[in-house]
Amino acid sequence: MKTKIILDVDPGHDDAVAILVAAKHEKLDLRGITVVAGNQVLEKTLQNALKVCSFAGIDVPVYAGQDRPLLRDQVIADDIHGDSGLDGPQFPPPTKRAEEKSAVDFIIEECLQHDREIVLVPTGPLTNIALALLKEPRIKQGIKEIVLMGGAYGLGNVTPSAEFNIFVDPEAAHIVFESGLPITMVGLDLTHQAKAYPEVVERIRRLGTPVAELVVELFAFFGDTYKRVFGFEAPPLHDVCAVAHVIDPTLIKTQKVPVVVETTRGACYGRTVCDFYFKTGKPANVHVAMELDQKRFWDLVIDTLSKY
Ligand code: BDR
Ligand code: CA
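In short, a report on the structure.

**Describing the side chain of E163**
Moving on, step 1. Considering the arrangement of structural elements, one finds E163 in the loop between β5 (143–149) and α6 (164–168).
Moving on, step 2. Buried and unpaired, E163 has R271 as its nearest opposite-charge partner, separated by 10 Å.
Moving on, step 3. A distance of 3.0 Å separates the side chain of E163 from the backbone nitrogen of G151, its partner in a polar contact.
Moving on, step 4. Of the polar contacts made by the side chain of E163, one reaches the backbone nitrogen of I166; its length is 3.2 Å.
Moving on, step 5. Those residues in contact with E163 that sit more than four places away from it in its chain are M149, G150, G151, A152, G156, N157, V158 and L188.

**Notes on the pairing of strand β4 (residues 118–122)**
Moving on, step 1. Counting buried positions along β4 gives five out of five residues, so the element sits mostly inside the fold.
Moving on, step 2. Summarising the sheet, strand β1 (residues 3–9) and β4 pair through five bridges and their orientation is parallel. Bridge pairing in β4 places I6 opposite L120.
Moving on, step 3. When β4 meets β5, the two strands line up parallel, connected through three bridges. The partner of L120 across the bridge, within β5, is I146.
Moving on, step 4. Taking the sense of rotation as the criterion, the β-α-β connection linking β4, helix α5 (residues 127–135) and β5 turns out right-handed.

**What to know about the sheet that holds strand β6 (residues 183–186)**
Moving on, step 1. What the eight strands build is an open sheet, ordered β3-β2-β1-β4-β5-β6-β10-β7; its pairing is mixed. Every other strand in the sheet has two partners, leaving β3 (62–64) and β7 (252–257) as the edge strands with one partner each. Direction aside, neighbouring strands of the sheet carry axes that sit 25 degrees apart on average.
Moving on, step 2. Pairing of β6 with strand β10 (residues 286–292), which is carried by three bridges, proceeds in the parallel orientation. When the bridges of β10 are listed, I183 appears paired with V286.

**Observations concerning helix α2 (residues 42–56)**
Moving on, step 1. Compared with an ideal rise of 1.5 Å per residue, which puts 15 residues at 21 Å, α2 spans 21 Å between its outermost C-alpha atoms and is within 8% of the ideal.
Moving on, step 2. Taken as a whole, α2 has its buried residues at L42, T45, L46, N48, A49, L50, V52, C53, S54 and A56.

**Things to note about the site of ligand 1**
Moving on, step 1. Taken together, 13 residues form the shell around ligand 1, and within it D14, N39, H81, E163 and D239 come nearest.
Moving on, step 2. E163 places a side-chain nitrogen or oxygen 2.4 Å from an oxygen atom of ligand 1.
Moving on, step 3. Isolated, ligand 1 exposes 280 Å² of accessible area, and the fraction of that covered by the protein chains is 98%.
Moving on, step 4. The cavity that encloses ligand 1 is the largest pocket.
Moving on, step 5. For the shell around ligand 1, the secondary structure elements donating two or more residues are α1 (13–24), α6 and α11 (238–247).
Moving on, step 6. Its residues assigned to classes, the shell around ligand 1 shows three nonpolar, six polar and four charged.

Thresholds, definitions, all that
- Residues numbered from 1 in each chain as written.
- Chains lettered and ligands numbered in written order.
- Predicted model: local features only at pLDDT ≥ 70, side-chain atom pairs only at ≥ 80, totals over all residues.
- Heavy atoms only, no water.
- Helix = DSSP H or I, 4+ residues; strand = E, 2+ residues; numbered from the N terminus.
- Buried < 20%, exposed > 50% of the residue type's maximum accessible area, 1.4 Å probe, protein only.
- Lys, Arg positive; Asp, Glu negative; His and termini not counted.
- Salt bridge = Lys/Arg side-chain N within 4 Å of Asp/Glu carboxyl O.
- Polar contact = N/O pair within 3.5 Å; in protein donor to acceptor, adjacent residues only side chain to side chain.
- Contact = heavy atoms within 4.5 Å.
- Pairing = 2+ DSSP bridges.
- Right-handed = clockwise from strand over helix to strand, strands pointing away.
- Axes fitted to C-alpha atoms, helices over the stretch in contact; angles between N-to-C directions.
- Expected span 1.5 Å × (residues − 1).
- Near = heavy atom within 4 Å.
- Areas by Shrake-Rupley, 256 points an atom, 1.4 Å probe, with all protein chains shown as cover.
- 1 Å grid on protein atoms, 1.4 Å probe; cavity = no way out; pocket = protein on both sides within 12 Å on 5 of 7 lines; lining within 4 Å.
- Sits in = over half its atoms within 2 Å of the grid points.
- Nonpolar A, V, L, I, M, F, W, Y, C, P; charged D, E, K, R; others polar.

This is the structure:
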């Protein structure tokens, strides 16, 4: 049976590839794509989701979500994703339109209609998910698990302590991490193992399709910014790791430990504090992603992209 997922995104170069993989893999039933402000303002992340879906012929409803974090001031990542949030490729104007319903209401309705079946896959700030949990706590009944890209037990990428998705809305992340739902945190420690080196890019280029060409162009822009900002030799495909984990949980080794999100506004604001030595006495609440089987990950991604 296919796994029912809702992909909550802020495209974003890696979000765009996450959409392509989630929409095409035969093990997933992508119920909807919900969009949140993050890498860019909502107006832009929404357009980007619609552009990617239109370009690739993805027939999945897209819902506009929250345009700002729950409490804090807005933060964007134009240094990484550019002014549009998806700089690099030239897209034709999108033919697809967003649904009337809001992302939060869609998540609520979908979860209320199912019994522990829905996997939420957030690859942006957790604003939409937290708000859905606040507005209708009974949605927990419908959720099987949350597999999110965000956080780090090591270094952050937007401050020394914090990863971007969590830092953009730490209060929302706190609500999600304390929800009692099964959570897998696919953080930077894992996603930095998913760098798209030239041999990977070449394998994708050789697919020879318009979607493959799009992915190569996305990697080119993302690769340049990752080189400039972080000195990385190749861009890490963060968000795709979360989708891949849902498709095949054997690709990523995890460790279940207590994790809290720091919401005090100091140097550690937005840090995911992971208690690997169980020093806090808190119950283990999060499966933290540790190790990626890189070969099988890329085989899965490239095989899925070859279906376009
Ligand atoms: C995360 O932040 C965004 O820039 C990426 O899309 C990814 O979701 C990595 O920290
Ligand atoms: Ca993202």
